[in-house]
Amino acid sequence: MTKETDAPKGRVLIVAGSDSGGGAGIQADIKAVTMLGGYAMTAITAITAQDTTGVHGVWPVALDAVQGQMRACLSDIGADAVKTGMLGSAELVELVAETLDEQAKAVPTVIDPVMVATSGDRLVDQKAVSAIASLLIPGAGLVTPNAPEAEVLTGKAVDGINGQRRAAEALLEQGAKAALVKGGHIPGSPIIDVLQSQKGEWIFEGERIETRSTHGTGCTLASATAALIAQDLPLPEAVEKAREYLFGAIKNAPDLGKGHGPVAHNWLLSKES
């Protein structure tokens, strides 16, 4: 079990689904956390048959198996941050919330409310969305919805920076400690992300890169941020550095597959060589 007195070691427990194509989900999470100096652990919630063109099959992992993975990691290695991704059912959300409350109550959580894959395939049902809103957002260290997800979670129209601000405020009112409402789905350039916390507001801007290699960008940003939070970086700095990492990964994407290709999670290695 993680103790409040543990010094941060960069340990990140990722509770999410597997992407067989390697561009999103657990695979993207592990790569991002590792590249940014963290230590990634996983509790796999679902197996997907997935590639750059779409999701071709989803097989949920048994609830007791998900809980067993979480308990094993938290009771032995511990965690400095927990990142959640694809949680496909209300029952799974309830179990994750219960397990975190029992074994990682003081550990900051990064809640990525994954609802739809980049290909457009829906990954969770409405009951799961409601459970995320009622059980995981209250007390969350950071919630990272894109514009469509923020609209679902808050009921606010998110079609520009003012909508992003309203949605972030609503998420804080729902009990989140911080919210990063991303603007990648909003047309135009630059892309604007809005971060709000109980301490203030930060606006991040970045060029829109014209590319089809955007598979797993949400997973990557959330996990990169979690890795940096787990190393005790202040939240605004963690988000800024995670965005820089993601933009580099998009710019250096390897152009794989016939659809929405993956980003280059390992781009920092080529930069160093």
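Quick summary incoming for the structure in this document. (Residues numbered from 1 in each chain as written. Predicted model: local features only at pLDDT ≥ 70, side-chain atom pairs only at ≥ 80, totals over all residues. Heavy atoms only, no water.)

1. With respect to helix α4 (residues 126–136)
Turning to step 1, where the next piece is worked out: Along α4, the residues classified as buried are Ala128, Val129, Ala131, Ile132 and Leu136. Down the axis of α4, the buried side of the element spans an arc of 160 degrees, and every buried residue falls inside it.
Turning to step 2, where the next piece is worked out: The inward-facing, buried residues of α4 abut α3 (90–103), β5 (109–111) and α5 (147–154).
Turning to step 3, where the next piece is worked out: A distance of 3.3 Å separates the backbone nitrogen of lysine 127 from a side-chain oxygen at the start of α4, and that oxygen is part of aspartate 125. (Buried < 20%, exposed > 50% of the residue type's maximum accessible area, 1.4 Å probe, protein only. Helix = DSSP H or I, 4+ residues; strand = E, 2+ residues; numbered from the N terminus. Arc of directions from axis to C-beta. Contact = heavy atoms within 4.5 Å. Polar contact = N/O pair within 3.5 Å; in protein donor to acceptor, adjacent residues only side chain to side chain.)

2. Thoughts on the environment of threonine 109
Turning to step 1, where the next piece is worked out: Along the polypeptide, threonine 109 turns up in strand β5.
Turning to step 2, where the next piece is worked out: What makes threonine 109 buried here is its relative accessible area of 12%.
Turning to step 3, where the next piece is worked out: With near-sequence residues (within four places) excluded, threonine 109 lies in contact with Val82, Leu100, Gly139, Ala140, Gly141 and Leu142.

3. Describing the packing of helix α2 (residues 63–76) against α3
Turning to step 1, where the next piece is worked out: For the pair α2 and α3, the least separation of the axes is 10 Å and the interaxial angle reads 20 degrees. Taken together, α2 and α3 sit at an angle that is classed as roughly parallel. The chirality of how α2 crosses α3 is right-handed. The residues of α3 that touch α2, namely those facing Leu63, Val66, Gln67, Met70, Arg71, Leu74 and Ser75, are Glu91, Leu92, Leu95, Val96, Glu98, Thr99, Leu100, Glu102 and Gln103.
Turning to step 2, where the next piece is worked out: Grouping the constituent residues of the contact of α2 with α3 by class yields eight nonpolar, four polar and four charged. (Axes fitted to C-alpha atoms, helices over the stretch in contact; angles between N-to-C directions. Parallel < 35°, antiparallel > 145°, perpendicular 65-115°, else oblique. Left-handed = near helix turned anticlockwise from the far one by under 90°. Nonpolar A, V, L, I, M, F, W, Y, C, P; charged D, E, K, R; others polar.)

4. What about the environment of glycine 160?
Turning to step 1, where the next piece is worked out: The residue glycine 160 is located in the loop between α5 and α6 (161–173) in this model.
Turning to step 2, where the next piece is worked out: What makes glycine 160 buried here is its relative accessible area of 18%.
Turning to step 3, where the next piece is worked out: Sequence separation between glycine 160 and proline 187 is 27 residues, and the spatial gap between their C-alpha atoms is 8.7 Å.

5. Some points on the pairing of strand β7 (residues 178–181)
Turning to step 1, where the next piece is worked out: Residues of β7 alternate between two faces, with Ala178 and Leu180 on one and Ala179 and Val181 on the opposite face, all of them buried.
Turning to step 2, where the next piece is worked out: Strand direction decides the pairing type here: β7 and strand β8 (residues 191–197), joined by four bridges, are antiparallel. Bridge pairing in β8 links alanine 179 to glutamine 196. (Pairing = 2+ DSSP bridges.)

6. Quick look at α2
The periodicity of an α-helix, 3.6 residues per turn, causes residues three or four positions apart to be oriented the same way.
Turning to step 1, where the next piece is worked out: The end-to-end C-alpha distance of α2, which contains 14 residues, comes to 20 Å, matching closely the 20 Å that a straight helix rising 1.5 Å per residue would cover.
Turning to step 2, where the next piece is worked out: Of the residues making up α2, those classed as buried are Val66, Gln67, Met70, Cys73 and Leu74. Down the axis of α2, the buried set is contained in an arc of 135 degrees. They therefore lie on one face. In this structure, α2 carries Asp64 and Asp76 as exposed residues pointing more than 90 degrees from its buried face.
Turning to step 3, where the next piece is worked out: For α2, the secondary structure elements touched by its buried residues are β1 (11–19), β2 (39–51) and α3.
Turning to step 4, where the next piece is worked out: Positive phi shows up at glycine 78, right after α2, with a value of about 80 degrees. (Expected span 1.5 Å × (residues − 1).)

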